[in-house]
Each structure stands twice: as structure tokens, then as C-alpha cells.
Amino acid sequence: LQTMSGNEDDWLALKPQEPSPSQCCGSGCKPCIYDVYEKELAQWERAKAKRDKSLLVEKKEQSSNSELNPDTFTAFNISSVEQLTEDTYQYKFELPGNSSLRLSLGQHIVLRGMVNGLEVQRAYTPISPGNAEGYFEVLMKCYEAGLMSQYIKTWKKGDMVFWRGPFGGFPYRPNKHGELLMLASGTGLAPMLPILQSITNDEEDETFVTLVGCFRTFDKIYLKPFLQDLARYWNIRIFYVLSQERSLEKLPWSYQENTYIGRLNEDLVKMIINSCRRKPFVLICGSSAFNEDMSRYLKAAGIEENSCFVF
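The structure presented is a predicted model; accordingly, all values stated were derived computationally and were not measured.

Rules used in this analysis
- Residues numbered from 1 in each chain as written.
- Predicted model: local features only at pLDDT ≥ 70, side-chain atom pairs only at ≥ 80, totals over all residues.
- Heavy atoms only, no water.
- Domains from an automatic or database assignment.
- Contact = heavy atoms within 4.5 Å.
- Buried area = accessible area lost by both parts, 1.4 Å probe.
- Salt bridge = Lys/Arg side-chain N within 4 Å of Asp/Glu carboxyl O.
- Polar contact = N/O pair within 3.5 Å; in protein donor to acceptor, adjacent residues only side chain to side chain.
- Helix = DSSP H or I, 4+ residues; strand = E, 2+ residues; numbered from the N terminus.
- Nonpolar A, V, L, I, M, F, W, Y, C, P; charged D, E, K, R; others polar.
- Buried < 20%, exposed > 50% of the residue type's maximum accessible area, 1.4 Å probe, protein only.
- Core = buried A, V, L, I, M, F, W, Y, C linked by side-chain atoms within 4.5 Å.

(A) Geometry of the domain arrangement of the protein. On domain assignment, one finds that the protein holds domain 1 (74-167) and domain 2 (179-310). Distance between the C-alpha centres of domain 1 and domain 2: 24 Å. Listed per partner, the contact involves 14 residues of domain 1 and 13 residues of domain 2. Of all residues in domain 1, the largest losses of buried area upon contact with domain 2 belong to Leu-105, Ile-127 and Leu-139, amounting jointly to 37% of the total for that side. Between Glu-86 and Lys-220 there is a salt bridge whose closest N-O contact spans 2.6 Å. Viewed at the interface, domain 2 and domain 1 are joined by one residue pair in polar contact (both at pLDDT 80 or more). Elements with a contribution of two residues or more to the side of domain 1 that touches domain 2: β1 (74-85), β2 (88-94) and β5 (135-141). Along the lines of polarity and charge, the residues of the side of domain 1 that touches domain 2 split into six nonpolar, six polar and two charged.

What follows is the structure, encoded as C-alpha cells:
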């Protein structure tokens, strides 16, 4: 009898742990961490019924061949850390050889962090082109009280970090839409950048783009030189909306005519839509409150739901 209950304990020790809510990034990934758990649980139940532990072998391996995978986490090495603003950082991760993540546009990947023994997962969108070889880059904002932020703040060059994916994405095709209107708040800029780059890199793609970036102050605008370069293209316009800036006079002259002070409200959204050359297809990315506000303003401006995509 002794051996039998010992055996039961062995099986219990191998049983997959149900994820805690903090482990779900909430971005609707397929497979979600809960889907992976259901799959592992079914596998464990099959193995237990047959009393065959070899059926569990593939279960827990973390991939180390640095191929991104939606089901298992893969370790990637941090090759550089760059602070962009007081609370925003750009991290560069190594890919072996000249391999690339091969993400389609606007796809996100999920990061796993351990904080005080708690596993946390969050979704981020790489800002490097999907076909970048040998590396990928992610823009991350650290919040005072954020669990994941506490983990990210400890990162140094050379650390190993675990990612899985890719998920989601916006099915972009060159010239499919006459004009794209991108409404981005803070790090919501991230999924817009690979799309902008693919448009400017493709001479055949004549899509007009109006990007509206919402930030608290001028200092908080990320990647200014990169955005200024994009704005030089004939088919790209960039506006900034700064909610806590006092006046335009303090801003560099080159920013004054395309920057608005205050919030991106219904009137401003209408005005920007009216200044588009064609009726735009709209991409939205920001906090859930920002996304809801924008969807409401767009509806008021006569843009139907099937002409919007929320990251």
C-alpha cells in the first residue's frame, strides 16, 4: 500500500499547475496560457491513466533553440538597454545567426516574469521590422507599482528573458486602404511602427498615413528622430497631442504646427479625419480607457466599426 500512495504523490507532483490570473496577459492570445494548461492537463490525465510517465516528457521543456513558439517560452539574450525617457526603455534581444522573428505586422509577443515568486505575463509588440535579422527590439514603459515593471527594472545586458508568441496582428496589405489613421497613446505607438516602416520601405505602397501620437509632455515623446524621419515621406503625416504641456511656444519650431495641447477629444478627432485625403481605416492602440474613448469619437465622426482595428 505504501508504494501505491507514494506513487499517487509522484503523479500529483507532476500535475500541471492551473495558471493564476496574473499569468494571463489579457490580450486574447491563441493559445492563451489557459489553453496551454488545458492541453497539459489532458496530457497528464492520459499519462496517469496509463501509468506511463514517458507520455509527459515533451510537457515542460523550455525551448533553447531561440525559435519563437506560441506554446512554450524561449530564452532570449538582452544585447542592449537604452533609456528613452524617465520611465521608458528600449531593449534589444539577440537572435541566433541572422535569423528573424518573422512577425507579421503589429503582432505581439508575451513576456514571462518572476516577481516575489509570482509569475506574471504581459504582451508587448516589437518595434523592430518583422524581418530584422539577428535581433528584435521592444519598447517598454515601467510603472511605479507594476509587477512586471519591477522585474524589467532589474534587467542588464547579457540577461536571459523568456518570450512566447507571436499572437494577434493586423492583417495589413499594401494599398488595401487609401489612408490609415493611427491613434496611439504612449507605448501604443509600438504596433504602429512596423506598419509605418513597411509602408515607407515599399516604393509600390502608396497608402497615406496620418499618425496621431498622444503623450503627456514633449519630453515623453519616444523615438523623436525616428518619427521625424518618417514624417519626411510624402505620404506620412504625424501629429502630436500633449495633455500636460502648457504652451506651444516652448516646443522646437519644427513641432509647433503639428502639435496640439490638451487631450485628443471628439472635436480634434473629427478635425483630423476631415483633413485626411480619403476616408481612413483607423488603427487604435493605448490603454483600455483610451481605446474606448477613441472608438466612441470615431463612431460620432461617422467611422463604422468595420473600418477600425484595436490592438
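(B) Region of the structure containing unusual backbone geometry. A cis amide bond, omega 0°, links Gly-165 with the succeeding residue Pro-166. For Pro-166, the position within the fold is in strand β6 (residues 160-167). The backbone phi angle of Arg-102 is positive, close to 55°, even though this residue is not glycine. Relative to the helices and strands, Arg-102 is located in the loop between β2 and β3 (108-115). Classification of Arg-102 as exposed rests on a relative accessible area of 58%.

(C) Summary view of the environment of Glu-40. In this fold, Glu-40 is placed in helix α2 (residues 33-49). Of the residues examined, Glu-40 reaches a relative accessible area of 12% and is grouped as buried. Expressed as a C-alpha distance, the spacing of Glu-40 and Asp-71, which sit 31 residues apart in the sequence, is 11 Å.

(D) Region of the structure containing the nonpolar core. Counting 33 residues, the largest nonpolar core has Leu-180, Met-182, Ile-195, Leu-211 and Leu-227 as its most contacted members. Of all the secondary-structure elements, those providing two or more residues to this core are β7 (179-185), α4 (192-201), β8 (208-215), α5 (224-230), β9 (236-242) and β11 (281-285). Residues from two domains meet in this core; each of domain 1 (74-167) and domain 2 (179-310) gives at least three. Beyond its immediate chain neighbours, meaning those up to four positions away, Ile-195 contacts Leu-105, Phe-170, Tyr-172, Leu-180, Met-182, Leu-283 and Phe-311. Within the second largest apolar cluster, 24 residues are counted, among which are Ile-78, Tyr-91, Val-138 and Met-148.

(E) A look at the pattern of salt bridges. Summed over the entire model, instances satisfying the criterion amount to eight salt bridges. Notably, a salt bridge pairs Lys-279 with Glu-304, separated by 3.7 Å at the nearest N-O pair. One end of the pair, Lys-279, is in the loop between α7 (266-275) and β11; the other, Glu-304, is in the loop between α8 (288-300) and β12 (308-310), with 25 residues separating them in the sequence. Here Glu-304 falls in the partly exposed class, since its relative accessible area comes to 41%. Taking the shortest distance from any N to any O, the salt bridge between Asp-293 and Arg-296 comes out at 3.3 Å. Placement of the pair is Asp-293 and Arg-296 together in helix α8, with a separation of three residues, close to one helical turn.

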